[in-house]
Amino acid sequence: MPEFLDGWALTAMTFAPLVGVLIMAVIPKEAEDTHKLVALLTSLGVAVLAVLVAFEFDYDAAETLQLAEDHKWIDVINARYLLGIDGIALPLILLTAGVVPLVFIYSWDHIPAPGNAKMFLMLQLILEVGMMGSFVAQDLILFFVFFEVVLLPMYFMIGVWGGPDRQYASIKFFLYTLFGSALMLVSFLALYFTTGAETFSMVGLAEQVRARDIALGTQVLIFGGMFLGFGVKVPMFPFHTWLPDAHTQAPTQGSVILAAVLLKLGTYGFVRIALPILPQAAVKWAPIIGVLAVIGIIYGALGCLAQTDMKRLIAFSSVAHMGYVMLGISTLTDYGINAAIFGMVAHGLITGMLFFIAGSVKERYHTLEIKRLGGLLVQAPHMGWILGFCTMASLGLPGLAGFWGEFPAILSAYQPAPGLNVTLYRTFMVIAAVGTVLAAGYLLWLLQRTAFGTPSEEFADDPEIVDLRTPEVLAWSPLLVLIVVLGFVPNLLFNLTDPAVSAQADAACMSVAAGDDSISEDECFDDEVETASEGE
């Protein structure tokens with residue numbers, strides 16, 4: 001089917017969840033099983049479309065935009081309905097299309113209080129629209145619209161179905177992300193006007209920046225707005241404080257979607273927008289991003305060691321893990337950015353699983369206070385072993401997906417892009433390596449306190465504490481399989497992302513070299529040679 005999907009597949013994949021929303025809107029609220037079935041079938045339809053897109057994708061030309069759609073939209077500001085995917089976007093599209101149906105399967109017997117499955121599931125479908133749209137949009141205004149679509153559904157999921165402090169957490173999430181989005185929009189508009197107000201196309205803007213002699217100071221300021229907007233979403237230290245509260249108070253489904261996909265909108269924004277459009281400014285900002293990344297790694301790990309709540313500990317671990325992603329991005333090399341994208345996918349699978357497990361533990365024990373837990377391997381052995389498996393994956397055990405998200409990101413700091421301070425980045429590498437030791441400490445401590453030992457008297461004979469149920473088995477199995485498969489065959493992902501990342505990194509480096517006499521164009525193509533020679 002060489003041209004079967006051209007011109008409509010990305011639109012259908014993006015907006016198909018709205019069809020499910022419209023169907024559910026006319027079904028009575030009381031028909032909960034019907035709502036669950038419609039939501040699940042809708043998400044499976046999106047997953048089928050994503051698989052078809054993956055089959056049609058030309059992997060020999062992964063660096064080019066494919067299945068593009070280009071239509072008039074807002075002529076007065078030259079904003080267009082412009083969609084397309086390449087090797088950078090496709091893994092995150094498949095991750096989104098895979099996670100959402102699994103969340104609906106888990107929700108089959110896990111609708112949180114105060115109930116109302118209809119609205120709860122509809123909000124998740126609307127979330128899927130925003131997530132899919134963000135990964136396929138190739139126009140900055142269109143990207144911004146999809147980027148903001150996810151805000152209100154997650155706000156309501158936390159604020160209505162969350163924990164005791166849900167209103168505080170939801171408002172904090174809303175204000176932080178709205179503030180970041182406002183700065184991001186200002187930077188998009190500044191970029192538009194400084195390049196001649198001709199287009200909001202990401203590719204077009206990158207070409208305009210290269211063609212025009214825009215003052216470096218102006219580029220640095222514009223990049224700063226994007227840095228704040230995307231940095232809040234990642235979230236990077238010190239913009240992370242909304243995340244532990246949001247994760248702790250969100251329902252299990254909200255935490256899984258937030259960890260698996262929503263955080264990736266920020267890191268994807270850096271890779272897709274900030275770095276390729278403003279490469280010279282990226283060189284100026286990269287050391288700052290690197291410093292904040294390694295601070296986040298250590299701070300997140302130490303924060304985990306101080307937690308008494310299982311879910312809050314997992315939330316702080318996300319701060320540390322996303323620090324590795326941002327460290328890889330800050331190197332501005334194809335090696336580092338490839339590692340960052342792998343880290344996004346690995347974190348989505350592993351931390352999504354950990355939040356699934358935390359939700360099931362909370363449902364059985366009615367608490368996530370670590371000191372009250374224990375003996376999970378005795379009372380629910382399958383769940384206990386899965387928790388052990390996921391903690392090993394999260395700490396970066398070789399052979400599991402987490403290893404390829406962390407180790408290459410650390411290694412990439414050994415030889416950053418031309419124009420960056422090698423000594424500084426090797427210092428980052430050492431600090432990040434220390435973070436892996438701390439990660440082993442807090443994850444093994446969590447496993448030992450919750451899974452090992454004997455159940456406390458409080459829960460020893462509790463009939464509600466049972467092993468895995470069918471929806472949990474069905475929802476978790478694909479994630480566990482992918483964690484193993486990507487751990488043993490990482491090239492499934494690296495071979496997909498590398499052509500697009502390498503082309504982008506080379507073009508950015510050439511742009512930097514054109515404006516900096518101290519960097520030769522030859523340096524943009526011999527990173528591997530330099531790394532090998534310095535190692536000798």
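Calculation notes
- Each chain has its residues counted from 1, running along the sequence as written.
- Under the rules for a predicted model, residues below a pLDDT of 70 receive no local features and side-chain atom pairs below 80 are neither given nor counted, while totals for whole chains, interfaces and linings still include all residues.
- Side-chain metrics in this entry use all non-hydrogen atoms of the structure; hydrogen atoms and water are not considered.
- For the purposes of this entry, the term helix denotes a DSSP run of H or I that reaches at least four residues, the term strand denotes a run of E that reaches at least two, and both are numbered from the N terminus.
- With C-alpha atoms as the basis for the radius of gyration, the globule rule is written as 2.2 Å multiplied by the number of residues raised to the power 0.38.
- Only protein chains enter the accessibility calculation, which uses a 1.4 Å probe; a residue whose area is less than 20% of its type maximum is buried, one above 50% is exposed, and one in between is partly exposed.
- The contact rule is simple, with two residues in contact once any of their heavy atoms fall within 4.5 Å.
- Where helices are involved, their axes are fitted lines through C-alpha atoms of the stretch in contact, as for all axes, and angles between N-to-C directions lie from 0 to 180°.
- Comment on the angle field: the value is read as roughly parallel under 35 degrees, roughly antiparallel over 145, roughly perpendicular from 65 to 115, and oblique elsewhere.
- Crossings are sorted by hand: turned counterclockwise from the far helix by less than a right angle, the near helix makes the crossing left-handed, and turned clockwise it makes it right-handed.
- Residue type decides the class: Asp, Glu, Lys and Arg count as charged, Ala, Val, Leu, Ile, Met, Phe, Trp, Tyr, Cys and Pro as nonpolar, and the leftover types, Gly among them, as polar.
- As a per-residue quantity, pLDDT reports the predictor's confidence and falls between 0 and 100.
- Buried and open spaces are told apart on a 1 Å grid over the protein atoms alone, a cavity being a set of points where a 1.4 Å probe fits but cannot get out and a pocket being an open set with protein on both sides within 12 Å along at least five of seven lines. Residues with an atom within 4 Å of a point are the lining residues.
- Grid points are joined across faces, edges and corners, and a volume is the space filled by probe spheres set on the points.
- DSSP-based pairing: two strands are paired if at least 2 bridges between them are found.
- One fewer than the residue count of a helix, multiplied by 1.5 Å, yields its expected span.
- What the bend at a residue measures is the angle between two axes, fitted to the seven residues ending there and to the seven starting there.
- We count a salt bridge whenever a side-chain nitrogen from Lys or Arg sits within 4 Å of a carboxyl oxygen from Asp or Glu.
- Each aromatic pair joins two rings of Phe, Tyr and Trp (for Trp, the six-membered one) with centres within 6.5 Å, and gets the label stacked for planes under 30 degrees apart, edge-to-face for over 60, and tilted for any other angle.
- We call a charge positioned over a ring when the NZ of a Lys or the CZ of an Arg lies within 6 Å of the ring centre and within 35 degrees of the ring normal.
- What counts as a disulfide here is a pair of cysteine sulfur atoms lying within 2.5 Å.
- Distance thresholds for patches are 9 Å for like charges and 5 Å for nonpolar side chains (Val, Leu, Ile, Met, Phe, Trp, Tyr), applied to residues having over 30% relative accessible area and no salt bridge.
- Exposure was quantified through the Shrake-Rupley algorithm and a 1.4 Å probe, taking into account, for residues, occlusion by the shown protein chains and nothing else.

**Describing the overall build of the chain**
Per the secondary structure count, the chain includes 21 helices and two strands. Since a compact globule built from 536 residues should have a radius of gyration of about 24 Å, the 23 Å found for the chain is in line with a globular shape. Principal axes of the C-alpha set define a box for the chain whose edges measure 75 × 60 × 45 Å. Looking at the chain as a whole, 61% of its 536 residues are labelled buried. Sequence separation of 24 or more characterises 79% of the internal contacts of the chain that already satisfy a separation of 6 or more.

**Concerning the packing of helix α14 (residues 334-365) against helix α19 (residues 470-488)**
At a closest axis distance of 10 Å, the pairing of α14 and α19 adopts a crossing angle of 150 degrees. The angle between α14 and α19 falls in the class roughly antiparallel. The chirality of how α14 crosses α19 is left-handed. Where α14 abuts α19, its residues Phe 342, Val 345, Leu 349, Ile 350, Met 353, Phe 356, Ile 357, Ser 360, Glu 363 and Arg 364 lie against Glu 472, Trp 476, Leu 479, Leu 480, Leu 482, Ile 483 and Leu 486. Tallied by class, residues from the contact of α14 with α19 come to 13 nonpolar, one polar and three charged.

**Concerning the confidence of the model for the chain**
Residues with a pLDDT of 70 or more make up 95% of the chain, whose mean pLDDT is 89. Predicted confidence in the chain is weakest over helix α21 (residues 527-535), with a mean pLDDT of 38, and strongest over helix α3 (residues 89-106), with 95.

**A few points about empty space enclosed by the protein**
A probe matching the size of a water molecule, rolled over the atoms, marks out where space remains unfilled. Applying the stated criterion to the full structure yields five cavities of 30 Å³ or more. One number sums up the size of the largest cavity: a volume of about 140 Å³. Taken together, 14 residues form the lining of the largest cavity, with Pro 279, Leu 332, Ala 505, Ala 508 and Cys 509 sitting closest to its centre. Sorting the residues of the lining of the largest cavity by element identifies α11 (252-277), α12 (279-305) and α20 (491-514) as the ones contributing at least two each. Top element by residues in the lining of the largest cavity is α20. It accounts for five residues.

**As for the pairing of strand β1 (residues 66-74)**
Here six bridges tie β1 to strand β2 (residues 79-85), and the two strands are oriented antiparallel to one another. The residue bridging Asp 70 from the neighbouring strand is Leu 82, located in β2. In sequence, β1 turns back onto β2 through a hairpin of four residues, with Asn 78 there showing a positive phi of about 60 degrees.

**Let's talk about α12**
For an α-helix, the turn length of 3.6 residues means that residues three or four places apart are oriented alike. Taking 1.5 Å per residue, 27 residues should reach 39 Å; α12 reaches 37 Å between its end C-alpha atoms and fits that length. A bend of about 45 degrees at Trp 285 is the largest found in α12, and the proline Pro 287 appears one to four places after it.

**Considerations on the pattern of salt bridges**
In total, this model carries 10 salt bridges according to the counting rule given. Here Asp 70 makes a salt bridge to Arg 80, at a shortest N to O gap of 2.6 Å. You can see Asp 70 sitting in strand β1 and its partner Arg 80 sitting in strand β2, a full 10 residues away along the chain. Where salt bridges share partners, they join Glu 363, Arg 364, Arg 469 and Glu 472 into one cluster.

**What to know about the packing of aromatic side chains**
Following the criterion strictly, the structure yields 26 aromatic pairs and no others. Aromatic side chains Tyr 192 and Phe 200 sit 4.1 Å apart centroid to centroid with 5 degrees between the ring planes, which places their arrangement in the stacked category. When its relative accessible area of 5% is taken as the criterion, Tyr 192 is described as buried. Aromatic side chains Phe 237 and Tyr 299 sit 5.2 Å apart centroid to centroid with 55 degrees between the ring planes, which places their arrangement in the tilted category. Here Phe 237 is found in the loop between α9 (216-233) and α10 (242-249), whereas its partner Tyr 299 is found in helix α12, with 62 residues between them in sequence. Since its relative accessible area comes to 21%, Phe 237 is described here as partly exposed. What links up through ring pairs into an aromatic cluster is the set Phe 143, Phe 147, Phe 223, Phe 227, Phe 230, Phe 239, Phe 270 and Trp 285. Between Lys 233 and the ring centre of Phe 147, over which it is positioned, the NZ or CZ distance is 4.9 Å. A cation over a ring is seen here: Arg 426 above Tyr 414, with NZ or CZ 3.7 Å from the ring centre.

**As for the state of the cysteines**
When the sulfur atoms of two cysteines share a covalent bond, that bond is a disulfide. Taken as a whole and assessed by the stated rule, the structure comprises zero disulfides. There is no disulfide at Cys 390, and the cysteine sulfur nearest it, in Cys 304, is 15 Å away. By relative accessible area, Cys 390 is classed as buried at 0%.

**Some thoughts on the packing of helix α4 (residues 117-136) against α11**
The geometry of α4 relative to α11 is characterised by a closest axis approach of 11 Å and an angle of 20 degrees between their N-to-C directions. In terms of orientation, α4 and α11 fall into the roughly parallel class. Seen from above, α4 lies across α11 with left-handed handedness. Where α4 abuts α11, its residues Phe 120, Gln 124, Leu 127, Met 131, Ser 134 and Phe 135 lie against Gln 253, Ile 257, Val 261, Leu 262, Lys 264, Leu 265 and Tyr 268.

**A short note on a nonpolar patch on the surface**
Taken together, the side chains of Val 481, Val 484, Val 485, Phe 488, Val 489 and Leu 492 define a hydrophobic patch exposed on the protein surface, amounting to about 520 Å² of accessible area. Examining the composition of the nonpolar patch, we find that four residues originate from one element, α19, more than from any other. Summarising the element assignment, Val 484 is placed in helix α19. When its relative accessible area of 30% is taken as the criterion, Val 484 is described as partly exposed.

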